[in-house]
Amino acid sequence: MSRRREPVFDGMRGPHAFTFAPGLPALSASAEESDPGLSELDRQLIRILQQDGRRSFAAIARDLDVPEKTARRRVHELVEDGVIHITTVSYPGLLGFETIAMIGITVDPGARVKDVVSSFIHLEAVDYAVITTGRYNALIEVLCRDRNELLEFVNDTLPQRPGVTSAEVLPYLDLYYQEPAWEAAQSKPGSASRAHPSTLDGVDYEIMRVLHDNGRLPFATVGEQVGLSESQVRKRVARLIEAQSMRITAIVNPRSLSFDTVVWVALKVRGDSGVAAVADRLARIPSITYVAITAGRFDIMAEAVCRTTEDVMRLVDEEVRGLGGVADTEVMLCLDLYYEAVQFPRQAKTPPREAAAAPDADDVAGVAARA
């Protein structure tokens, strides 16, 4: 998403939460695939893991008043069955994606919209695609390393996709807010403030890369792969989470938690109002999970995850349209959505190598012991 402002992580963020792990399957929230037969215990486990993907099984068991072995077994089953993926969520700019855009797609009337949209999700640059009602048949989000890569996608890749009649590109000027936990998005403190994630050094980058595929990987195993002791990995992960540069969370189909209605709201801001100020007020509204300031037809694109269409009506009519500075809104109901884990850029820009904190004596000893 060329982002100059860092995202807010008040809780956890939406379906295209940026998971950077290779080889993961695309997930669909289509109606026929939205119910994996979850029990109430499963849903409670998922809610806890969305808040903290590394929460210990002992703590989970205490929270839910179940045997630890039950919590451990069921979480493993949810992961193995592909219902959840425990991974890292981070600001894309920290990982080398400097240009992001939402692209509105119009599909040829003679083509099957689902076939056209699903063909996009396996493209390297695409992490999210959704079939919508309204102005566009679909929205796709693309992550690029720079503007040249976005130009290549628009100029070369898009024209080659069968069934696409037209495409409107809305480059992100600012990924303003992302919240990957559905429950957390439903209730927000009015005083929530924006976070300022720190830069990464090369070791941080490698730790995040290792944890992308399995966010619960033991820190000792992570340390073996990046050349640090377990305690130093633990400290770095804690620092990244505290700085809100990274979160470890369970990514899940929203319909699995009974959030059956996802919408995108496109806003135009009045000329006498500041776009960032409107985006800030919008991000504080319950159910809003994603806010991007864009160039092009719309000033802001926002995603909301709701339980019912009545909740959408309340959101749009009472809250979004009541925001000061909004000139116009368009609501696009999501009929089917897809999202896929995105690999690290193959030629990522080297993360800023800020001076790392001096290791403790036990860290030095641990590294020396493996040398």
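Rules of the game
Residues numbered from 1 in each chain as written. Predicted model: local features only at pLDDT ≥ 70, side-chain atom pairs only at ≥ 80, totals over all residues. Heavy atoms only, no water. Buried < 20%, exposed > 50% of the residue type's maximum accessible area, 1.4 Å probe, protein only. Helix = DSSP H or I, 4+ residues; strand = E, 2+ residues; numbered from the N terminus. Pairing = 2+ DSSP bridges. Axes fitted to C-alpha atoms, helices over the stretch in contact; angles between N-to-C directions. Parallel < 35°, antiparallel > 145°, perpendicular 65-115°, else oblique. Contact = heavy atoms within 4.5 Å. Nonpolar A, V, L, I, M, F, W, Y, C, P; charged D, E, K, R; others polar. Arc of directions from axis to C-beta. pLDDT = per-residue confidence, 0-100. Phe/Tyr/Trp six-rings, centres within 6.5 Å; stacked < 30°, edge-to-face > 60°. Lys NZ or Arg CZ within 6 Å of the ring centre and 35° of its normal.

Undergrad: Which residues make up the pairing of strand β8 (residues 261-269), and what are the values?
TA: Most of β8 sits inside the fold, with eight of its nine residues counted as buried. Pairing of β8 with strand β10 (residues 300-306), which is carried by seven bridges, proceeds in the antiparallel orientation. When the sheet's bridge partners are listed, V265 is paired in β10 with A302.

Undergrad: Got a sec to walk through the packing of helix α2 (residues 57-64) against helix α3 (residues 68-80)? Specific residues and values, please.
TA: Helix-helix packing is described using two parameters, namely the angle between the two axes and the distance between the axes. Running from N to C, α2 and α3 point in directions that differ by 110°, and their axes come no closer than 8 Å. One way to sum up the angle between α2 and α3 is to call them roughly perpendicular. Seen from α2, the contacting residues are F57, A58, I60 and A61; seen from α3, they are E68, A71, R72, V75 and H76. Split by residue class, the contact of α2 with α3 holds six nonpolar, one polar and two charged.

Undergrad: Would you mind going over helix α5 (residues 147-157) in detail, with residue names and values included?
TA: Of all the positions in α5, only E149, L150 and F153 are classed as buried. Looking down the long axis of α5, one finds its buried residues gathered within 105° of arc, a one-sided arrangement. Of the exposed residues in α5, those oriented more than 90 degrees away from the buried face are R147, N148, L151 and N155. Contacts made by the buried residues of α5 are with β3 (99-107), β4 (126-132) and β5 (138-144).

Undergrad: Please set out the confidence of the model for the protein chain residue by residue, giving values where relevant.
TA: Per-residue pLDDT for the protein chain has a mean of 80; in total, 75% of the residues score no lower than 70. Every residue in residues 346-371 scores below 50 in pLDDT, and together they form 39 contacts with partners more than four places removed in sequence or on other chains.

Undergrad: Please set out the packing of aromatic side chains residue by residue, giving values where relevant.
TA: Describing an aromatic ring pair means giving the distance of the ring centres and the angle of the ring planes. All chains considered together, the criterion is met by three aromatic pairs. For the pair Y128 and W264, a centre-to-centre distance of 6.1 Å together with 65° between the ring planes defines the contact as edge-to-face. A residue pair is termed long-range when its members are at least 10 positions apart, and Y128 in strand β4 and W264 in strand β8 qualify at 136 residues. Ring geometry for W264 versus Y290: centroids 5.9 Å apart, planes at 85°, classification edge-to-face. Note that W264 is positioned in strand β8 and Y290 in strand β9 (residues 288-294), a separation of 26 residues in sequence. Here W264 and Y290 have matching classes, each one buried. Taking the ring centre of F219 as reference, the NZ or CZ of R54 above it sits at 3.8 Å. R216 extends its terminal NZ or CZ atom over the ring of F57, reaching a point 4.4 Å from the ring centre.

Undergrad: Give a description of the pairing of β9 that names residues and reports values.
TA: With seven of seven residues buried, β9 is to be regarded as a mostly interior element. Where strand β6 (residues 164-178) and β9 come together, five bridges link them in antiparallel fashion. Opposite L175, over in β9, you have A292 as the bridge partner. Pairing analysis gives five bridges linking β9 to β10, with the strands arranged antiparallel. Considered in β10, the bridge of Y290 is made with E303.

Undergrad: Tell me about the packing of helix α1 (residues 40-51) against α3, and name the residues and values.
TA: In the contact formed by α1 and α3, the axes pass within 11 Å of each other and the chain directions differ by 85°. For the element pair α1 / α3, the angle class is roughly perpendicular. Two secondary-structure elements touch here, α1 through L41, D42, L45, I46 and L49 and α3 through T70, A71, R74, V75 and L78. Counted by class, the contact of α1 with α3 contains seven nonpolar, one polar and two charged residues.

Undergrad: Hey, could you go over unusual backbone geometry for me, with residue numbers and the actual values?
TA: Located in the positive-phi region is D65, a residue other than glycine, with phi close to 55°. With respect to the element layout, D65 can be found in the loop between α2 and α3. By relative accessible area, D65 is classed as exposed at 71%.

Undergrad: Which residues make up the environment of I293, and what values go with them?
TA: Along the polypeptide, I293 turns up in strand β9. According to the relative accessible area criterion, I293 is buried, its value standing at 9%. The spatial distance from the C-alpha of I293 to the C-alpha of A276 is 7.6 Å, given a sequence separation of 17 residues. Setting aside chain neighbours within four positions, we find I293 in contact with P171, Y172, L173, D174, Y176, V275, A276, A279, D299 and I300.

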